[in-house]
Amino acid sequence: MDSTLRRFTLILALFFSGQLLAQKIEATVVDATNAPVVGAFVACSQIIVQTDENGFFSVPCSQGGVWIYGEGIDSLYFVINGIIAPNDTVFTTAKSTKVDEVTIIEKRLLYFDIGYLPPIKGVQIATGTNTIIQTDRQGGAKSSGNPRELFAKVPGLNIWESDGAGIQMGVGGRGLSPNRSANFNTRQNGYDISADALGYPESYYTPPLEALQSIEIIRGSASLQYGTQFGGLMNFVIKDPETKTPLSFTSRNTVGNYGYFGTFNRISGTKGRFEYQAYYQYKTGNGYRPNSDFNQHQAFAQIGYYINEKQRIRLEYTRMNYLAQQPGGLTDAQFEEDPRQSNRERNWFEVNWNVLAAHYDWEITKDKRFNVRAFGMLSKRNSLGYLGKINTVDPEEKRDLIQGYFKNAGIEIRYLQEYQLREKVKGGILVGARAYAGQTSNAQGLAAAGNKADFNYLNASEKEYSDYSFPSQNIALFAENIFFFGKRWTLNTGIRMEYIHSSATGYYKKYAIALNQDTIGIYKITDNNDVARYVPLAGIGGSFKTGKKSSLYANFSMNYRAINFNDIRVSNANVLVDTNIHDEYGSTTELGWRGFVLPYLYTDIAAFYLFYGDKIGLAPKGDKKIRTNIGDAVNLGLEFFAEFDFIKAFRDSSNIGASIFVNASYIDATYIRSLEPNYVGNKVEYVSPILIRSGLKVKSNKWQFQVQGSYNSAQFSDASNAIEPSGDAVIGEIPAYFVMDFSARYQFKKYFQLEAGVNNLLNNQYYTRRATAYPGPGILPSDGITFYGTLQFQIQVKQ
């Protein structure tokens, strides 16, 4: 069998029970062990049925092909005579046809564009709380990457909105900080894309939503195969190359208010054993506030080659750079007066990101798979401007320049084998290893006055504040195993052993200031730090099928976050850093139930307990703030998601579907121990106790529209739980807010698609964070009402 799409976790065999008549297909769906698959949805055209307790179905099908989808499996398509091609279907005009196999592709819950991964998928084991977002099926503002719409159906996520163009994404789950998604292990196609996976795991790069097929989020014990992060894995999956044509071309062009323009252009195809794709995205705009101009370029190229039926190699290169002016933060009084005003004209931010990756996939046998991923990064970020408190006037003097350079490389090897222990006991085991080396440099000094984006030091050889190098090495061994006991029980265990070696070499300067603010002394302090540690982690989970289409699941996993010295020696007028700051540790426990209550009513309910030891946070210290290990925290929460298609539920042959979804969570995050007694019993900063997102989507084959609302309850910005804002607006409550978004799309004349939408439909004035430094400091207002329109053109060259 050609292995063009052998990225599967499970092969199902479909054996026809008799003759295939031109008007009806009758078949039995079984898994790799010949056990019947109960409750799977089978669709032909607009007619949908379900398999019975024996896996049997009967569906009228006068034209087109048959698709199979449902809980725990992806959407399936038929394979005849061992030859497959993407999205091929079986036409049922013949009197009799035998279908040998079907192969899983990455599409979940056909009508809800969200679901969860099967227990075994490729060379990964995914159990517990995991989510897959089918971005290629979603609506919304894809060019500007609105995260409210993107993550609308993932419970418990708090979102920071730093810009309205989707340049940087800040997402945190279950009470974890959203700061540049640093609590997630952020990857693209399975490899690292953050600045430094250990010492600086912040994500300055986010792939274009227009290029994505899906986003995979894996939490719980299965996330240990990827890393130690509290948030688990967030993997951006780029669309695969088109395989039915030697050349496919897609162009998407978007315009919006505030001078927004975005263009996305992609070519893709397959010729013989080669497959390829490349895309380029450009975004520019003036921004919601003055001094908010931006330009961003993103490019991606991929080439793959099938060595033979069972082996494939791929090479990928990603490049992104952007330049954005920073309007600075606001005080509370300034925000109330006019949230669109800006008091900073000389602040700039620049990012240049380069990632190279290579993949090797080998399907040794049907039950044995091997994968190697190697990756390397050469990137930088520059921030330039006046870092003084936002309630002080910019003196128009020399500006602070902070430069970070990131060089890292790594390789990850995985081997997965499925096995049969006894008649009713089967399993899968994954073993792997990871080696990683990073070299991060961080320096801060003075740059020229003026208001241009001049990222050059005045004294490059002897910077005024600090100059550090942070080499790091990491070796990890990991293993995951899952048992299937009969048709209802699963048990999975995971272990991970980390070796982490962190170093810091460089200097920082202390300035002695007289009462009249004159500098009376400068002291250069040299630092050489070296820390090595071994970190063992473990996790366990299981599930029980409570019905034909539902299951109960539970998970426990240990977590760890290594602190590096990268952000310790940065001088900032607003924030001090505790020199004794150290690693964080903890664990996550969850219990949940998910499944189809009715054929078109899907529900997922979960409770979690997250322990966060030696949590790092921001606390007042005199007239300044200090970043330190505040203490231990416990996050308790309930998460609920449900989606119901009320038209299909009563008439599944309808050409129109209309679904309502509700995504709600309650999180109680509290400090239980602290070196500062006044913090005990306080709430953890940047945790909205109540998060609700709900919406309505109506769609047919050619058009759809969606309206949704997002609500965040009030949250604190520091561990002291200060409600009244500080004069510099760095500390204080973040009020509750509600935002509505609307989107629509229509496909016409085969090659064209028109999209339009309105974000922040009610033009509410709100903010999601108080920044301590860039891009503030102070309150960062979110965008008001924005409009956009997109025209897509797509064409394929025939074979």
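Quick summary incoming for the structure in this document. (Residues numbered from 1 in each chain as written. Predicted model: local features only at pLDDT ≥ 70, side-chain atom pairs only at ≥ 80, totals over all residues. Heavy atoms only, no water.)

Here's the deal with the packing of aromatic side chains
Next, step 1: Scanning all chains against the criterion turns up 30 aromatic pairs.
Next, step 2: When the ring of Y360 is compared with that of F370, the centres are 6.3 Å apart and the planes differ by 70°; the resulting orientation is edge-to-face. Of this pair, Y360 sits in strand β24 (residues 347–365) while F370 sits in strand β25 (residues 368–385), and the two are 10 residues apart along the sequence.
Next, step 3: Following the ring pairs from residue to residue traces out a cluster consisting of Y204, Y322, F349, W353 and F406.
Next, step 4: When the ring centre of Y457 is taken as origin, the NZ or CZ atom of K463, which lies over that ring, is 5.1 Å away.
Next, step 5: Residue placement shows K615 over the ring face of Y612; its charged tip is 4.8 Å from the ring centre. (Phe/Tyr/Trp six-rings, centres within 6.5 Å; stacked < 30°, edge-to-face > 60°. Helix = DSSP H or I, 4+ residues; strand = E, 2+ residues; numbered from the N terminus. Lys NZ or Arg CZ within 6 Å of the ring centre and 35° of its normal.)

Let's talk about the sheet that holds strand β15 (residues 185–188)
Next, step 1: Strand order in the open sheet made by the six strands is β9-β12-β17-β18-β15-β16, with mixed pairing throughout. Two strands bound the open sheet, and with one partner strand each, they are β9 (114–115) and β16 (191–192).
Next, step 2: One ladder, built from two bridges, connects β9 with strand β12 (residues 130–133); its direction is antiparallel. Pairing of I114 across the sheet is with I133, part of β12. (Pairing = 2+ DSSP bridges.)

Considerations on the pattern of salt bridges
Next, step 1: The tally for this structure, following the rule as stated, stands at 31 salt bridges.
Next, step 2: With its nearest N and O atoms 3.0 Å apart, the salt bridge here joins R673 to D614. In this pair, R673 sits in strand β36 (residues 657–674) while D614 sits in strand β34 (residues 601–621), placing the two residues 59 residues apart along the sequence.
Next, step 3: Judged by its relative accessible area of 16%, D614 is buried.
Next, step 4: Each of R187, D192, E412, R414 and R434 takes part in one network of salt bridges that share partners. (Salt bridge = Lys/Arg side-chain N within 4 Å of Asp/Glu carboxyl O. Buried < 20%, exposed > 50% of the residue type's maximum accessible area, 1.4 Å probe, protein only.)

None of the figures reported here should be taken as evidence of function without further support.
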